[in-house]
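Coordinate inspection notes
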Amino acid sequence: MNIADLLADLLVNHGVSKVFSVTGGASAEINDAFLRNKKLKLVYFHNEASCSYAAEGYYRTTGKIPVCLVTVGPGATNLITGVFGNWTESMPLLVISGQNFRKHTISHTGLRQFGVQEANIVPIVESFTKFCSTILEPNKFEEIFLECWNKMLESRMGPVWLDIPIDVQKAPWSKNNLTTNTNFLTAKNDSIQSIPDDFILNYIEKLRKSQKPLIHIGNGFRSPNSEKLLAELINKLKVPLLLTHNSYDMVETNNPRNFGFPGIFGQRYSNLMVQNCDLYLSLGVRLSLAQIGFDSQNYAKQAEKFQVEIDFREIKKPSLQFEHALCADASLVLEKILGLMSAEDIKAINSQASLWYENCTILREHFDVLKEQVDSSTNYINPYIFIRDLSRYLSSNDFVFTDMGTSYQTTYQAIRLPKGCRLITNTGFAPMGWALPASVGSTYSEDYSRAICLSGDGGLMMSLQDLASIPSNKKFIIFLYNNNGYLTQRQTQEAYYGRFTGVDELTGLKFPEYSAIAQAFSLDYFRVTNHNQLIEMLPKVFAKKTPSFVDLTMSLTQLQKPRVMSKIDADGNIKIGSLENMWPYLKLEDRNFITNRLGFKYE
Ligand SMILES: Cc1ncc(C[n+]2csc(CCOP(=O)(O)OP(=O)(O)O)c2C)c(N)n1
Ligand SMILES: [Mg+2]
């Protein structure tokens, strides 16, 4: 037995079963050890970046820790974008890279390179991993592995990296027994006991008095217990809930408590609600600029604000600071709130907030995103109307992945998710080319039923090779938003410069004919250019048991709306757009309606 075998056993003992990999000389010993270990499945891709995206898709759909195994140098550096995305999204991932023999590494010599293909990966990835180390002492391997594993899972989760020189991989390991499993973490380890009663009781007291309360649930709230807790919250309190992109699938769309998500590409009604509430609680929401808008000091400007966040740095960040902030696990805090709330509290809260709740319901109906769209074109598919129609075919076991650009923003605004259906995007880092490999990663989930991959043509071109990795015997649908360009960038260039570069064939960026691509990868191909064809095609592809590639003709001038839009004034200065008056700006009749009828302010 050597260190590579020990690593395989340690992974199996910690519940790992899938390893996403590209082979290479410096990691060959580990690939071979994993091959010999019957409990590990190696899943191969054509690019290491795809391994990291696939690992994320796998984690998000299974909750099981993924591993990426890559070789030294370019194998390791190719993985970086995906690992960084896991860092910003707080996703756990264990990366293992091969490294040159210990005597052939640059170590602290100041050389650029010494070993074959060498990249000194640890200093490169140090700033976006929770733990990273080149293992130099084989006899400490188990100890370092456990430290690394625990770091990945404790408090705010994130990626970790072990870099293993070839001679360390091959070093013999003599211990007969592995460490017992008792001292590794399986989930967040914070304890409900450590949450102060004061914070909870103060919030309940304020909630009793609030006339316009809002509770904002983020992905930090996701835990094995979160579904049960949310059901209890929804059952007990008639208080509107806001979600985020990453938590949007935690509450089905037609649940009366689901009031969308705020943000620069949020729902118009959600943004108006944030700016009009008088008591705001965020539970596990990172409150990024995309969520709160660039005018961050004015976020929830009329409210007394409570924040629960596991990372104290997020609480202290300069963009906004709340009157009441608690550094703790959000799901444990809600558990405690629900536990300490009496039946009398609940009655008082629900009666006090009933008018607000009703008004928010009217607002949501009034500003349904689909009302801002018209389905008039015979030559193009409108992405919002496509998502409306697609939603009718979604079922509770589906995994929907989006890429970036239109496939991301319009989907979240328009989709209607049935209970249990997942909607997944790397929203914080948003690397183009993420959706296809992430969807492929999800096919290795034990609960896999069907993946629906929504991708722009620009995004797809960044991971086209992964079409080869779609399992040919599984249900899998790619919907390509084919607008022959980068709509999102075109829109920005139009707004700020009035001319275009690098956004379509005319401006220097060529795209292929996808029917030929689909054929090359043996995928069933469908072209859809109008809504009648769409209506005919959807039942067909949803009935199929094998993968399909649906090429949707879309327009490069499709407007993404509503959105918070900044303007350039006469002096050339940028005027930041307000969260509550998204572009297209509110019409007079809407303004009158929301102020006179509902008592909402819009600026
Ligand atoms: C790796 C990477 N490079 C660049 C960007 C910046 N970017 C965001 S959206 C976009 C265009 C996306 O084009 P496409 O996938 O065709 O979607 P569309 O905008 O046309 O809907 C670009 C270049 C990015 N998000 N990721
Ligand atoms: Mg495009």
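1. Some remarks on the domain arrangement of the protein
Accessible area lost upon the coming together of the parts is a frequently used measure of interface size. Segmentation of the protein into domains returns domain 1 (3-177), domain 2 (197-369) and domain 3 (381-553). Taking the mean C-alpha position of each, domain 2 and domain 3 sit 31 Å from one another. Residue-level contacts link eleven residues of domain 2 with 16 residues of domain 3. Each residue belonging to the side of domain 2 that touches domain 3 can be placed in one class, and the counts come to three nonpolar, six polar and two charged.

2. Quick notes on the packing of helix α17 (residues 383-391) against helix α18 (residues 406-414)
Two elements in contact, α17 and α18, have axes separated by 9 Å at closest approach and are oriented at 55°. Here α18 runs oblique to α17, going by the angle between their axes. Every pair of crossing elements has a handedness; the one defined by α17 and α18 is right-handed. From α17, Pro383, Tyr384, Ile387 and Arg388 reach across to α18, where they touch Thr406, Thr410, Thr411 and Ala414. Its residues assigned to classes, the contact of α17 with α18 shows four nonpolar, three polar and one charged.

3. Side note on the environment of Leu534
One can find Leu534 in helix α23 (residues 531-543). With 145 residues separating them in the primary sequence, Leu534 and Asp389 have C-alpha atoms 8.5 Å apart.

4. What about the site of ligand 1?
With respect to spatial proximity, 18 residues lie near ligand 1, and among them Gly405, Thr406, Gly456, Gly458 and Thr488 are the closest. Looking at the shell around ligand 1, the elements with two or more residues in it are α20 (457-461) and α21 (487-496). Here the shell around ligand 1 is built from residues that sort into seven nonpolar, nine polar and two charged.

5. Here's the deal with the pairing of strand β3 (residues 67-70)
Side chains Val67 and Leu69 project from β3 onto one buried face, and the interleaved Cys68 and Val70 project onto a second face that is buried too. Here strand β1 (residues 18-21) pairs with β3 via three bridges, running parallel. Residue pairing across strands places Phe20 opposite Cys68, the latter belonging to β3. Pairing of β3 with strand β4 (residues 93-99) involves four bridges; the strand directions are parallel. What sits directly across from Val67, in β4, is Leu94.

6. Remarks on the sheet that holds strand β7 (residues 213-217)
As a general point, the strands of a sheet are linked pairwise by backbone hydrogen bonds and lie either parallel or antiparallel. An order of β8-β7-β9-β10-β11 is seen for the five strands of this open sheet, with the pairing classed as parallel. Each edge of the sheet is formed by a strand with only one pairing partner; in this case those strands are β8 (241-242) and β11 (324-327). Alignment of β7 against β8, held across two bridges, turns out to be parallel. When the bridges of β8 are listed, His216 appears paired with Leu242.

7. Overview of the sheet that holds β3
Taking strand neighbours across the sheet as the criterion, the six strands line up as β2-β1-β3-β4-β6-β5 in an open arrangement whose pairing is parallel. Every other strand in the sheet has two partners, leaving β2 (41-44) and β5 (131-134) as the edge strands with one partner each. Each neighbouring strand pair of the sheet contributes to a mean axis angle of 20°, computed without reference to strand direction. The sheet contacts of helix α7 (residues 141-153) involve β4, β5 and β6 (159-165), and relative to β5 the element is tilted by about 155°.

8. A few points about the environment of Glu603
For Glu603, the location among the structural elements is in the segment after α24 (588-597). Spatially, the C-alpha atoms of Glu603 and Gln275 are 8.5 Å apart, while their sequence positions differ by 328 residues. Not counting residues within four places of it along the chain, the set of residues in contact with Glu603 comprises Ser578, Glu580 and Asn581.

9. Section: the packing of helix α3 (residues 48-62) against helix α19 (residues 435-442)
It is the contact of α3 with α19, at a shortest axis distance of 6 Å, that shows an interaxial angle of 50°. As summarised for this structure, α3 and α19 are arranged oblique, according to the angle between their axes. For the pair α3 and α19, the sense of crossing is right-handed. Two secondary-structure elements touch here, α3 through Ser50, Tyr53, Ala54, Ala55, Glu56, Gly57, Tyr58 and Thr61 and α19 through Pro437, Ala438, Ser439, Val440, Gly441 and Ser442. Class assignment for the residues of the contact of α3 with α19 results in seven nonpolar, six polar and one charged.

What counts as what
- Residues numbered from 1 in each chain as written.
- Chains lettered and ligands numbered in written order.
- Predicted model: local features only at pLDDT ≥ 70, side-chain atom pairs only at ≥ 80, totals over all residues.
- Domains from an automatic or database assignment.
- Contact = placed C-beta atoms within 7 Å.
- Nonpolar A, V, L, I, M, F, W, Y, C, P; charged D, E, K, R; others polar.
- Axes fitted to C-alpha atoms, helices over the stretch in contact; angles between N-to-C directions.
- Helix = DSSP H or I, 4+ residues; strand = E, 2+ residues; numbered from the N terminus.
- Parallel < 35°, antiparallel > 145°, perpendicular 65-115°, else oblique.
- Left-handed = near helix turned anticlockwise from the far one by under 90°.
- Near = placed C-beta within 6 Å.
- Buried ≥ 20, exposed ≤ 12 C-beta atoms within 10 Å, placed from the backbone.
- Pairing = 2+ DSSP bridges.

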